[in-house]
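Residue-level structure breakdown
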Amino acid sequence: MDGAQSFTQRVAAELAPHTPLLACCRRSLVEGLALVTTTPGAIATTRPVAVRAAMQALHAERIAAHVSRVGAARRVQYVLVGVETEVIETRSARVCCRRSRLRGAFLGAGRLVRPDGEPYLEIGCADETGATRLVDDFAVLEVTARTRRRRGRWVVTVRSGLAVGAALSSIGAQAGRLSFEAGRVIREVRSGVNRRLNAETANLRRTVAAGVRQLESIAVLEADMARWQALPPALREAAALRARHPDDDLAQLAERAGCSRPAMAGRLHRLVAAAGEAGDRVRARR
Ligand SMILES: [Zn+2]
């Protein structure tokens, strides 16, 4: 993710220029923005891109709204002036309008959190009624969303990567969804690689542990001269090779001995078993 532009900003930038084609949807877009406005009776946002989109939708409806900048430098609000809230309260149940309303809401107060981790999408709402309506809109579009109360504010949340992807599509952020899904794929591939690396590390650890056990067994057998001499020559040869080449893998040892890999594995296995018996005898004598 490039630092200059957050994922949220990119999605907003993708959504903002598209003024809805249908009149019903234009008002619903502004309605969505109103649902996330915390100032009572106003339509306002801290995001210029959102207020511009709403203003364009109103202009297409021949409503002469304009934008007024209010507040101090760090808490600037962009307020839509010249539009009665009743005009944009469509409460439309059409699917096209639901999408549009969610777009307006996301533009005004939506956030995509941690698009590179387990992501979620959230929209801060003005009140419980607004949050419930947005959840309802999402539900009709087959996106599971929930209302939550956080630090006195009502928030609509969409959790899980799958649902966030569906939510982005449903509000028309196709490019956003694509790059979001690409991120998910990269994440999954990366975790697959990690799993593989872990498996390989485990194999390596097992190999090293086996080598150590073999070297210990050889030391035990060599310490007992009679026992060592009683071993079949092939086992003694395998022991000598292992002691001289502690880092060799099975294939390399087998090649040095001029035998097959399974044969070498069998010899090393018998060496360890023989040392075990020798060790048992030593312990039994004590
Ligand atoms: Zn519509």
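The paragraphs below set out a description of the structure included in this document. Think of each chain on its own: its residues are numbered from 1, step by step along the sequence as written. A pLDDT threshold of at least 70 governs which residues receive local features in this predicted model, and a stricter bar of 80 or more applies before side-chain atom pairs are shown or counted, although totals over entire chains, interfaces and linings include all residues. Heavy atoms from the whole structure form the basis of all side-chain values; hydrogens and water molecules are not counted.

**Digging into the overall build of the chain**
Helix and strand assignments come from DSSP, with helices taken as H or I runs of at least 4 residues and strands as E runs of at least 2, each series counted from the N terminus. Looking only at helices and strands, one finds twelve helices and seven strands in the chain. By the compact-globule yardstick of 19 Å for 286 residues, the chain is too spread out, its C-alpha radius of gyration being 35 Å. For the chain, with 286 residues in total, the buried portion stands at 43%. Two residues qualify as a contact provided that any one of their heavy atoms is within 4.5 Å of a heavy atom in the partner residue. For the chain, long-range pairs separated by at least 24 residues make up 62% of all intrachain contacts whose partners lie at least 6 apart in sequence. By the counting rule applied here, Lys and Arg register as positive and Asp and Glu as negative, while His and the ends of each chain are not counted. Charge placement uses NZ in Lys and CZ in Arg. For Asp and Glu, CG and CD serve respectively. Side-chain charges of the chain comprise 46 positive and 28 negative groups, with the mean position of each set lying 2 Å from the other. C-alpha atoms define the radius of gyration in this analysis, and the globule rule sets the expected value at 2.2 Å times the number of residues to the power 0.38. Exposure is judged per residue with a 1.4 Å probe applied to protein chains only, and the accessible area is read against the type maximum: over 50% gives exposed, under 20% gives buried, and values in between give partly exposed.

**Section: the packing of helix 5 (residues 95–109) against helix 6 (residues 128–140)**
Taken N-terminus to C-terminus, the directions of helix 5 and helix 6 make an angle of 130°; their axes are 9 Å apart at the nearest point. On the basis of their axis angle, the class for helix 5 and helix 6 is oblique. By crossing handedness, the relation of helix 5 to helix 6 is classed as left-handed. Along its contact with helix 5, which presents Val-95, Arg-98, Arg-101, Leu-102 and Ala-105, the element helix 6 presents Arg-133, Leu-134, Asp-136, Asp-137, Phe-138 and Val-140. Any residue that is not Ala, Val, Leu, Ile, Met, Phe, Trp, Tyr, Cys, Pro, Asp, Glu, Lys or Arg is counted as polar, Gly included; the first ten are nonpolar and the last four charged. Classifying every residue of the contact of helix 5 with helix 6 gives six nonpolar, no polar and five charged. Here the axes come from fitting lines to C-alpha atoms, over the contacting stretch only for helices, and the angles between their N-to-C directions go from 0 to 180 degrees. Angles are sorted into four bins: roughly parallel if under 35 degrees, roughly antiparallel if over 145, roughly perpendicular if 65 to 115, and oblique for all others. Throughout, a crossing is termed right-handed when the near helix is turned clockwise from the far one, and left-handed when it is turned anticlockwise from it by less than a right angle.

**Remarks on the side chain of Ser-100**
With respect to the secondary-structure elements, Ser-100 resides in helix 5. Setting aside residues no more than four positions away along its own chain, Ser-100 makes contact with Pro-20, Cys-25, Ser-28 and Leu-29.

**Points about the pattern of salt bridges**
Here, a salt bridge means any side-chain nitrogen of Lys or Arg that lies within 4 Å of a carboxyl oxygen of Asp or Glu. Across all of its chains, the model carries ten salt bridges by this definition. A salt bridge links Arg-98 to Asp-137, with the shortest nitrogen-to-oxygen separation between them at 2.8 Å. Pair noted here: Arg-98 is in helix 5 and Asp-137 is in helix 6, with a separation of 39 residues, a long-range link. Side by side, Arg-98 and Asp-137 carry an identical accessibility label, which is buried. Where Arg-150 meets Glu-122, a salt bridge forms, and the shortest distance between an N and an O atom there is 2.9 Å. Taken together, the residues span a long stretch of sequence, with Arg-150 in strand 6 (residues 146–150) and Glu-122 in strand 5 (residues 120–125) at a distance of 28 residues. For Glu-122, a relative accessible area of 6% gives the class buried.

**So, the coordination of the zinc ion**
Here the zinc ion is held by the protein donor atoms Cys-24 (SG), Cys-25 (SG), Cys-96 (SG) and Cys-97 (SG), which lie 2.3 Å from it. Coordinating donors are taken as N, O and S atoms within 2.8 Å of the metal, stretched to 3.2 Å for Na, K and Ca; because water is absent from the atoms, sites can appear incomplete. Working rule for geometry: tetrahedral if four donors all subtend angles between 85 and 135 degrees; square planar for four, octahedral for six, if opposite donors exceed 155 degrees and the others stay between 65 and 115; irregular in every other situation. Each of the four donor atoms around the zinc ion contributes to a set of angles spanning 97 to 127°, which defines the coordination as tetrahedral. A relative accessible area of 23% means that Cys-24 is categorised as partly exposed.

**Quick word on the packing of helix 7 (residues 161–170) against helix 8 (residues 174–223)**
Between helix 7 and helix 8, the least distance of the axes is 8 Å, while the angle of their chain directions is 160°. If you check the angle between helix 7 and helix 8, you find them roughly antiparallel. As for the relative orientation of helix 7 and helix 8, their crossing is left-handed in sense. Between helix 7 and helix 8, the residues in contact are Gly-161, Leu-162, Val-164, Gly-165, Ala-166, Leu-168 and Ser-169 and Gln-174, Gly-176, Arg-177, Phe-180, Glu-181 and Arg-184, respectively. A per-class count over the contact of helix 7 with helix 8 returns five nonpolar, five polar and three charged.

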